[in-house]
Amino acid sequence: MTSQIHDRLLIIDFGSQVTQLIARRLRELNVYCEIHPYQKVDAVFIREMAPKAVILSGGPDSVTRDGSPRAPQELFEMGLPILGICYGQQVMMHQLGGKVESGHGTAEFGRAYVTPTEAKLDILKGWFTQGREQVWMSHGDHVSQIAPGFEVYGTSPNAPFAITADASRRFYAVQFHPEVHHTPNGAKLYENFVKLAGFQGDWTMGAYREEAIARIREQVGDKKVICGLSGGVDSSVTAILLHEAIGDQLTCVFVDHGLLRKNESEEVVAMFRDNYNIQLIHADESELFLGELDGQSDPETKRKIIGKLFIDVFQKHADTIEGAEFLAQGTLYPDVIESVSFSGGPSVTIKSHHNVGGLPEKMGLKLVEPLRELFKDEVRALGRELGLPQSFIGRHPFPGPGLAIRCPGEITRPKLDILREADAVYIDQIRKHGLYDEIWQAFVAILPVRTVGVMGDGRTYDYACALRAVTSVDGMTADYYPFSHEFLGETATRIINEVPGINRVTYDITSKPPGTIEWE
């Protein structure tokens, strides 16, 4: 938990896939909130956290099942404003004396429309201006009887209690999900809720910057810190925030594994050395990495080789920094949430991830994680606050293994050179058409096949490549970007004309799921 400086809102998580979206909506309103799984939350926890309001999330379970998740009963006696969403509504009704039933043909999944009753409610200010509101439903159970003290303020065809409230106790409950994009006016409902709860909207990046600097100085004292720098947004913001806090006590280690994009190594080193005067070890280890990857084609093997080498190289260079006691990492709030997940159960490993997670224990270092309370968009906002160039703040995510996972099959230097050039043309096209900021991530993958082509009067036998561009909120799910045929045709022509070694261009229109964003 963060310090008590800010007003706080507690989100009790019952396992919804979109709970993080609730937090994002609140953070956009400058409201500090934390997500905690219901198993961790009891009356003592709530009193110690001292939130000004509580939101009960959705979830996949049924309150009609014995042993299903509940909120602490004491919560309803604490005088706090409470908003229940979907399963959270059903929990409120069940625990406060109403009834919830399963089935009976009242399930709703997808778009629905809620119409108001004649009663007025403060949390609905700005709603129903057109007579009804589009919302997103996702429920199998339904409230069949509201709890004593509650009234109905909105109904839908399959949810007669779509919006209910006990206004005197500031208890509000909705059957739909106001946090998702498909409830267009949902943000207004959250805005009204936090206003009536008395939030001041004091969660700003300017304030966070000052508090984070103070915490870093208190934690580190006069000791030294090393920071693994990748050039991505998270590590860049971490490094610059640390440098502002502790100056020359920080040393960054930038490992160039030979799998970066065109000119990336030079750009990262120049930004940090020229603009911030940060002590930086530029470790060019491309020969080592590419040598170990030679002849390897299995994606998991490649990832594991890169991960192990990265730790070995980082260890080697970190050992040259005398007196270092801390390792800085760009851990974000979604990582923290997932580490104490709702289910706590096992999940399938889709692919291993490159990180330095094994380093602190191995090296005997203590962790500094100044971004662990932030979402990705907040990290970018903090980067702007710290004066990072927009070219770095707005960069698309780039994976730790770099171009290795955009080169299916064996990795060779010639293929990497072709890939760098094709990727540079593609990104240039996206920028020229003003599309870069609309896209979560875009890149080229070079395919492990060669195809016959014709250029001029001659036959070619060169590589095919795939263009990839996706839209996403957090990278957990994604959809392909709907480029125009004109854009795709123009881009394919440029790549084939300007990049020797490629004679065929395709566009990947797979969503996630079933695919992943990267190819390996």
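Here the structure is a predicted model, which is why all the values come from computation and not from measurement.

K.L.:
For this particular structure, what's the right way to read the overall build of the chain?
P.N.:
Within the chain one finds 15 helices and 20 strands. For 520 residues, the compact-globule estimate of 2.2 N^0.38 gives 24 Å, and the C-alpha radius of gyration of the chain, at 26 Å, lies within 12% of that figure. Dimensions of the chain along its principal axes, counting C-alpha atoms only, are 75 × 65 × 40 Å. For the chain, the residues scored as buried account for 55% of the 520 residues in total. The contacts of the chain with a sequence gap of at least 6 include a subset with a gap of at least 24, amounting to 77%. Summed over all atoms, the accessible surface of the chain reaches about 22,600 Å², with 50% contributed by carbon and sulfur. Between the averaged position of the 51 positive side-chain charges in the chain and that of its 69 negative side-chain charges there is a distance of 1 Å.

K.L.:
Could you clarify how one ought to interpret the packing of helix 5 (residues 205–220) against helix 12 (residues 376–386) in this entry?
P.N.:
Any two packed helices are characterised by the angle at which their axes cross and by the distance between the axes. Packing of helix 5 against helix 12 brings their axes to within 9 Å, and their N-to-C directions diverge by 80°. Classified by the angle their axes make, helix 5 and helix 12 are roughly perpendicular. Residues M205, G206, Y208 and R209 of helix 5 touch helix 12, and the partners they reach there are E378, A381, L382, E385 and L386. Classifying every residue of the contact of helix 5 with helix 12 gives 5 nonpolar, 1 polar and 3 charged.

K.L.:
It is not clear to me how the sheet that holds strand 13 (residues 250–256) should be interpreted in this structure. Could you clarify?
P.N.:
Sheets are built from strands that pair by backbone hydrogen bonding, the pairs being arranged parallel or antiparallel. What the 5 strands build is an open sheet, ordered 14-13-12-15-16; its pairing is parallel. Unpaired on one side and paired on the other, strand 14 (279–284) and strand 16 (366–368) mark the two borders of the sheet. Sheet twist, expressed as the average angle between the axes of neighbouring strands with direction ignored, equals 30°. Pairing of strand 15 (residues 324–328) with strand 16, which is carried by 3 bridges, proceeds in the parallel orientation. Along strand 16, the bridge assignment pairs L327 with L367. Across the sheet, helix 5 lies against strand 12 (224–229), strand 15 and strand 16, angled at about 165° from strand 16, the strand it touches most.

K.L.:
Help me understand the layout of surface pockets, please; the structure alone is not making it clear to me.
P.N.:
If you roll a probe as big as a water molecule over the atoms, it shows you where there is empty space left. Size it by volume and the second largest pocket reaches roughly 440 Å³. In terms of lining residues, the second largest pocket is bounded by 18 residues, among which K262, E267, R395, I427 and R431 are the most central. Taken together, the elements giving at least two residues each to the lining of the second largest pocket come down to helix 7 (264–276), helix 13 (390–393) and helix 14 (413–432). The element that contributes the greatest number of residues to the lining of the second largest pocket is helix 14, accounting for 6 residues. Per-class residue counts for the lining of the second largest pocket are 5 nonpolar, 3 polar and 10 charged.

K.L.:
Would you mind showing me how to read the pattern of salt bridges here?
P.N.:
Enumeration according to the criterion identifies 29 salt bridges in this entry. Note that R25 is salt-bridged to E28, the shortest N-O span being 3.5 Å. Note that R25 and E28 are positioned in helix 1 (residues 19–28) at a spacing of 3 residues, about one turn of the helix. As a salt-bridge pair, K302 and E520 come within 2.9 Å of each other at their nearest N and O atoms. Note that K302 is positioned in helix 9 (residues 299–318) and E520 in the segment after strand 20 (502–507), a separation of 218 residues in sequence. Grouping residues by exposure puts K302 and E520 together as buried.

K.L.:
Sorry if this is basic, but what is going on with unusual backbone geometry here?
P.N.:
Among all residues except glycine, the phi angle is most often negative; among peptide bonds, the trans geometry is most common. P513 follows K512 through a cis peptide bond whose omega is -15°. Residue placement: P513 occurs in the segment after strand 20. In the segment running from P513 into P514, the intervening peptide bond is cis, with an omega of 10°. Although it is not a glycine, C86 sits at a positive phi angle of roughly 55°. Relative to the helices and strands, C86 resides in the loop between strand 4 (82–85) and helix 3 (87–95). C86 sits in the buried class, given a relative accessible area of 4%. For N277, which is not glycine, the phi dihedral falls at a positive 55°. Inspection of the secondary structure assignment puts N277 in the loop between helix 7 and strand 14.

K.L.:
I keep staring at the packing of aromatic side chains and nothing clicks. Help me out?
P.N.:
How two aromatic rings sit relative to each other is set out by the distance from centre to centre and by the angle between their planes. Evaluated as defined, the whole model comprises 15 aromatic pairs. Summarising the aromatic geometry, the rings of Y480 and Y507 are spaced 6.4 Å apart at their centres and angled 80° between planes, so their arrangement reads as edge-to-face. Taken as a pair, Y480 in strand 19 (residues 479–480) and Y507 in strand 20 lie far apart in primary sequence, 27 residues in all. A centroid spacing of 5.4 Å and a plane angle of 55° characterise the contact between F483 and Y507, whose relative ring orientation is tilted. Residue F483 is located in the loop between strand 19 and helix 15 (485–498), and its partner Y507 is located in strand 20; the two are separated by 24 residues in the primary sequence. Exposure class is identical for F483 and Y507. Each is buried. In textbook terms, an aromatic cluster arises when at least three aromatic residues are bridged by ring pairs, as seen for Y426, Y480, Y481, F483, F487 and Y507. In this structure, K52 packs its charged tip against the face of F199, placed 5.9 Å from the ring centre. Geometry around F392 places R395 over its ring, the cationic atom sitting 4.8 Å from the centre.

The rules we used
- Numbering of residues begins from 1 in every chain and follows the order in which that chain's sequence is written.
- Local features in a predicted model are, by the rule used here, given only for residues with pLDDT of at least 70; side-chain atom pairs are given and counted only at 80 or more, and totals for whole chains, interfaces and linings are based on all residues.
- Computation of side-chain values: all heavy atoms of the structure, hydrogens and water removed.
- A run of H or I in DSSP becomes a helix once it reaches four residues, and a run of E becomes a strand once it reaches two; helices and strands are each numbered from the N terminus.
- We compute the radius of gyration from the C-alpha atoms alone; for a globule the expected value is 2.2 Å times N to the 0.38, where N is the number of residues.
- Only protein chains enter the accessibility calculation, which uses a 1.4 Å probe; a residue whose area is less than 20% of its type maximum is buried, one above 50% is exposed, and one in between is partly exposed.
- Note on contacts: a residue pair qualifies if any of its non-hydrogen atoms lie within 4.5 Å across the two residues.
- What sets the accessible areas is the Shrake-Rupley method with a 1.4 Å probe; for residues, cover comes only from the shown protein chains.
- When charges are counted, neither His nor the chain ends are considered; positive counts come from Lys and Arg and negative counts from Asp and Glu.
- In plain terms, the charge of a residue is placed at NZ if it is Lys, CZ if Arg, CG if Asp and CD if Glu.
- Axis angles are defined between N-to-C directions and span 0 to 180 degrees, where every axis is a line fitted to C-alpha atoms and, for a helix, only to the segment in contact.
- Here roughly perpendicular refers to angles of 65 to 115 degrees, roughly parallel to angles under 35, roughly antiparallel to angles over 145, and oblique to all remaining angles.
- Polar here means any residue outside two lists: the nonpolar Ala, Val, Leu, Ile, Met, Phe, Trp, Tyr, Cys and Pro, and the charged Asp, Glu, Lys and Arg; Gly therefore counts as polar.
- Two strands are counted as paired when DSSP detects at least two bridges linking them.
- We place a 1 Å grid over just the protein atoms. Points where a 1.4 Å probe fits but has no way out form a cavity, open points with protein on both sides within 12 Å along at least 5 of 7 lines form a pocket, and any residue with an atom within 4 Å of a point lines it.
- Grid points are joined across faces, edges and corners, and a volume is the space filled by probe spheres set on the points.
- The term salt bridge refers to a side-chain nitrogen of Lys or Arg lying within 4 Å of a carboxyl oxygen of Asp or Glu.
- Put simply, two rings from Phe, Tyr or Trp (the six-membered ring, in Trp's case) pair if the centres are within 6.5 Å, and we call them stacked under 30 degrees between planes, edge-to-face over 60, tilted for the rest.
- Charge-over-ring contacts are defined here by two conditions on Lys NZ or Arg CZ: a distance within 6 Å of the ring centre and an angle within 35 degrees of the ring normal.

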